[in-house]
Amino acid sequence: MLGINTIGSDIDMILIVEEYERNTGKPFDLMSEFFGDEEKALYHHLSKLDNVKNIQKVNTRIPLIELNYSNIDFDIVLILLPSEIPNTPNWIEKVLENEKNLAIGDRKILPLASYKANEFILEKILKEDLRAKNFRFAIIAMKIWAKKSSIYGNIFGFLSGSILSIFISKIYLLYPNANLHVLLQRIFLTFLTWLMSAHSITKTLLLNH
């Protein structure tokens, strides 16, 4: 969404499934129908494809299936769409509104967080502008730096593409006219000196500047 793909970047896919089957009313079983090894499971079907390799289940806070297809890495996550939510263009907002009283860590909707964060960032960043290019190049540079420094990968608690996008968006909004060199300097300076709260959320970071 942000135009920050690099060589070796993976592709994030969101699979949307209704929480309950329409005909039977039976709830979708994450472990057997997404992760399972039986024939009805997505994992089983993907593992049988000729060009798929290095497939694995990652049952963490955001359950996903990782695989390599034709030398391209994919991360597939699952969204369970509540049956009372109609399949309309604004279904994401409806889901978030419907689930607002549930725990923030609800695994049914948590994968939407990165998507909504990127959507919000795009609203704040100019589309066709040299400054916007500096913003994107800064994220790419920081991703490469983090990977080379072995501190990239949110599964291990390190930096991820989403975290870097949110963080750099804050710096960009503080210094929108900075060239790429200055922007990178400010990013590292802030990274070293800013006492960031674990409870900060994307909207607060981007709006309070």
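Quick note: structure is the one above.
These figures come from a predicted structure and were not determined experimentally.

Trainee: I'm lost on unusual backbone geometry in this one. Help?
Mentor: For residues besides glycine, phi is generally negative; the peptide bonds are generally trans as well. One non-glycine residue, Asn-54, lies in the positive phi region at around 55 degrees. Among the secondary structure elements, Asn-54 is positioned in strand 2 (residues 52-58). Asn-54 sits in the exposed class, given a relative accessible area of 61%. The residue Asn-71 is not glycine, and still its phi comes out positive at about 70 degrees. Turning to its location among the elements, Asn-71 is positioned in the loop between strand 3 (64-69) and strand 4 (72-81).

Trainee: It is not clear to me how the pairing of strand 3 should be interpreted in this structure. Could you clarify?
Mentor: Along any regular strand the residues' side chains alternate between the sheet's two faces. In terms of burial, strand 3 is a largely internal element, 5 of the 6 residues being buried. The pairing of strand 2 with strand 3 spans 5 bridges and is antiparallel. If you follow Val-58 over to strand 3, its bridge partner there is Leu-64. Linking strand 2 back to strand 3 in an antiparallel pair, the connection comprises 5 residues. Connecting strand 3 to the antiparallel partner strand 4 that follows it, the hairpin turn spans 2 residues, and Ser-70 within it adopts a positive phi of roughly 55 degrees.

Trainee: Would you explain the environment of Ile-163 in this entry?
Mentor: The topology assignment puts Ile-163 in helix 6 (residues 161-174). On the accessibility criterion, Ile-163 (41% relative accessible area) is partly exposed. For Ile-163 and Ser-114, which are 49 residues apart along the polypeptide, the C-alpha to C-alpha distance reads 8.9 Å.

Trainee: How should I be thinking about the packing of aromatic side chains in this particular structure?
Mentor: The relation between two aromatic rings is expressed through the spacing of the ring centres and the mutual angle of the planes. Under the counting rule described, the total for this entry stands at 5 aromatic pairs. Their ring planes at 90 degrees and their centres at 5.0 Å tell us that Trp-145 and Phe-188 sit as a pair that is edge-to-face. Residue Trp-145 is located in helix 5 (residues 130-148), and its partner Phe-188 is located in helix 7 (residues 180-193); the two are separated by 43 residues in the primary sequence. Between Trp-145 and Phe-191, the ring centres sit 6.2 Å apart and the planes meet at 85 degrees, which makes this aromatic pair edge-to-face. With Trp-145 in helix 5 and Phe-191 in helix 7, the pair connects residues that are 46 residues apart, well separated along the chain. For Phe-191, a relative accessible area of 32% translates into the label partly exposed. Feature note: the residues Trp-145, Phe-167, Phe-188 and Phe-191 constitute an aromatic cluster, connected by ring pairs. One residue, Lys-147, lies across the ring of Tyr-152, its end atom 5.2 Å from the ring centre. In this arrangement the basic side chain of Arg-186 is found over the ring face of Tyr-175, its NZ or CZ atom lying 4.9 Å from the centre.

Trainee: What is the right way to read a nonpolar patch on the surface from this model?
Mentor: Residues Ile-11, Met-13 and Ile-72 make up a contiguous nonpolar surface patch of about 230 Å² in total accessible area. Position of Ile-72 among the secondary structure elements: in strand 4. Among the residues examined, Ile-72 registers a relative accessible area of 37% and is labelled partly exposed.

Trainee: Just to check I follow, could you spell out the pattern of salt bridges for this structure?
Mentor: One side chain can pair with another of opposite charge once the charged atoms of both are near each other. Scanning the model with the defined rule gives 1 salt bridge in all. Between Lys-57 and Asp-37 there is a salt bridge, with the nearest N and O atoms lying 3.3 Å from each other. Note that Lys-57 is positioned in strand 2 and Asp-37 in the loop between helix 1 (30-34) and helix 2 (42-47), a separation of 20 residues in sequence.

Trainee: Explain the nonpolar core to me, please; I cannot follow it from the model alone.
Mentor: The tendency in soluble globular proteins is for nonpolar side chains to be buried as a group. Ranked by size, the top nonpolar core spans 20 residues in total, and within it Ile-125, Phe-135, Ile-168, Leu-183 and Ile-187 carry the most contacts. Counting residues per element, the ones that place at least two in this core are helix 4 (112-124), helix 5, helix 6 and helix 7. Broken down by element, the residue count for this core peaks at 7 residues, all from helix 6. Excluding residues that lie within four positions of it along the chain, Ile-125 makes contacts with Ala-132, Phe-135 and Tyr-172.

What counts, and at which threshold
Residues numbered from 1 in each chain as written. Predicted model: local features only at pLDDT ≥ 70, side-chain atom pairs only at ≥ 80, totals over all residues. Heavy atoms only, no water. Helix = DSSP H or I, 4+ residues; strand = E, 2+ residues; numbered from the N terminus. Buried < 20%, exposed > 50% of the residue type's maximum accessible area, 1.4 Å probe, protein only. Pairing = 2+ DSSP bridges. Phe/Tyr/Trp six-rings, centres within 6.5 Å; stacked < 30°, edge-to-face > 60°. Lys NZ or Arg CZ within 6 Å of the ring centre and 35° of its normal. Patch = residues over 30% accessible without salt bridge, like charges linked within 9 Å, V, L, I, M, F, W, Y side chains within 5 Å. Areas by Shrake-Rupley, 256 points an atom, 1.4 Å probe, with all protein chains shown as cover. Salt bridge = Lys/Arg side-chain N within 4 Å of Asp/Glu carboxyl O. Core = buried A, V, L, I, M, F, W, Y, C linked by side-chain atoms within 4.5 Å. Contact = heavy atoms within 4.5 Å.

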